[in-house]
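Overview (structure and organization)
Listed below, chain by chain, are the residues.
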Amino acid sequence: MKTQMLNNGTVIDHMPEGMGFHCLDILKKRLNGNETLIVFMNVPSGKLKKKDMIKIQDFYLDEATSTYLSLLAPQITINIIKDGVVTKKINPEIPHEIKGIISCVNSRCITNTEGYTPEYDIRSKEPVTLKCKYCEFEFTPK
Ligand SMILES: [Zn+2]
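To start, this report covers the structure provided alongside it. It should be emphasised that the depicted structure is a prediction, and the values quoted were computed from it without experimental measurement. (Residues numbered from 1 in each chain as written. Predicted model: local features only at pLDDT ≥ 70, side-chain atom pairs only at ≥ 80, totals over all residues. Heavy atoms only, no water.)

**Observations regarding the sheet that holds strand E9 (residues 138–139)**
Strands in a sheet are paired, the pairing made by backbone hydrogen bonds, and the direction either parallel or antiparallel. If you walk across this open sheet you meet the 4 strands as E6-E7-E8-E9, and the pairing is antiparallel. Of all strands in the sheet, those with a lone pairing partner are strand E6 (97–99) and E9, marking the two edges. As defined by bridge partners, strand E7 (residues 119–125) adjoins strand E8 (residues 128–132) across 5 bridges and the pair is classed as antiparallel. Across the sheet, residue Asp-121 finds its bridge partner in E8, namely Lys-131. (Pairing = 2+ DSSP bridges. Helix = DSSP H or I, 4+ residues; strand = E, 2+ residues; numbered from the N terminus.)

**Brief notes about the coordination of the zinc ion**
Protein coordination of the zinc ion is provided by Cys-104 (SG), Cys-109 (SG), Cys-132 (SG) and Cys-135 (SG), with donor distances spanning 2.3 Å. One can describe the donor arrangement at the zinc ion as tetrahedral, given that its 4 donor atoms subtend angles of 103 to 116 degrees at the metal. On the primary sequence, the residues serving as donors to the zinc ion are separated as C-x4-C-x22-C-x2-C. Residue Cys-109 is found in the loop between E6 and helix H3 (110–113), and its partner Cys-132 is found in strand E8; the two are separated by 23 residues along the sequence. Overall, the relative accessible area of 2% leaves Cys-109 in the buried class. (Donors = N, O, S within 2.8 Å, 3.2 Å for Na, K, Ca; no water. Tetrahedral: all angles 85-135°; square planar, octahedral: opposite > 155°, others 65-115°. Buried < 20%, exposed > 50% of the residue type's maximum accessible area, 1.4 Å probe, protein only.)

**A short note on the pattern of salt bridges**
Evaluation of the coordinates by the stated rule reveals 5 salt bridges. In this structure, the salt-bridge partner of Asp-121 is Lys-133, at a minimum N-O distance of 3.8 Å. Of this pair, Asp-121 sits in strand E7 while Lys-133 sits in the loop between E8 and E9, and the two are 12 residues apart along the sequence. By relative accessible area, which is 32% here, Asp-121 ends up partly exposed. Judged by its relative accessible area of 36%, Lys-133 is partly exposed. Here Glu-138 makes a salt bridge to Arg-123, at a shortest N to O gap of 3.3 Å. Taken as a pair, Glu-138 in strand E9 and Arg-123 in strand E7 lie far apart in primary sequence, 15 residues in all. By relative accessible area, which is 39% here, Glu-138 ends up partly exposed. In this structure, a network of salt bridges that share partners links the residues Glu-97, Asp-121 and Lys-133. (Salt bridge = Lys/Arg side-chain N within 4 Å of Asp/Glu carboxyl O.)

**Overview of the nonpolar core**
Note on soluble globular proteins: their nonpolar side chains tend to be buried together. Counting residues in hydrophobic clusters, the biggest one holds 32 residues, and the most contacted among them are Ile-12, Cys-23, Leu-27, Leu-69, Ile-102, Tyr-120 and Leu-130. Elements that contribute at least two residues to this core include exactly strand E1 (9–16), helix H1 (19–28), strand E3 (50–57), helix H2 (63–72), strand E4 (77–82), E7 and E8. The dominant element in this core, judged by the number of residues it contributes, is H1, at 5 residues. Both of domain 1 (9–90) and domain 2 (97–139) provide at least three residues apiece to this core. Ignoring any residue separated from it by four or fewer positions in sequence, one finds Cys-23 in contact with Ile-12, Met-15, Ile-54 and Leu-69. Counting residues in hydrophobic clusters, the runner-up holds 6 residues, among them Val-11, Phe-40, Val-43 and Met-53. (Core = buried A, V, L, I, M, F, W, Y, C linked by side-chain atoms within 4.5 Å. Domains from an automatic or database assignment. Contact = heavy atoms within 4.5 Å.)

Right under this line is the structure:
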């Protein structure tokens with residue numbers, strides 16, 4: 001699929017089918033509400049059977065959000081487009097540890113009650129499992 005209707009912006013590609021809207025929810029906090037965007041769902045794909053894809057005009061995804069999305073779907077690719085050309089292709093790597101981005105699911109964790117910035121070790125990559133450095137709770141981000 002070509003980058004029609006998108007001269008400058010971000011394409012988030014190779015999301016597993018059904019993830020498009022979930023991804024949009026995550027992006028809402030980063031978007032200012034004026035961006036033109038398109039969500040493609042159930043696009044036939046060789047890599048996966050079907051995939052979802054989002055194109056956002058005049059918006060460049062930051063590294064933290066790219067990492068977050070890679071934790072939800074390790075196979076995603078992010079393309080940054082300028083003047084109709086893909087200038088950057090990001091295959092976000094799952095890091096060994098992360099800070100911030102995701103809230104600890106343990107509601108009694110001090111990162112939730114005292115406002116500490118959550119920090120996690122990545123315990124496994126398939127599926128992605130995070131271990132909170134404060135309360136040692138392990139979970140798969142959603
Ligand atoms: Zn915790």
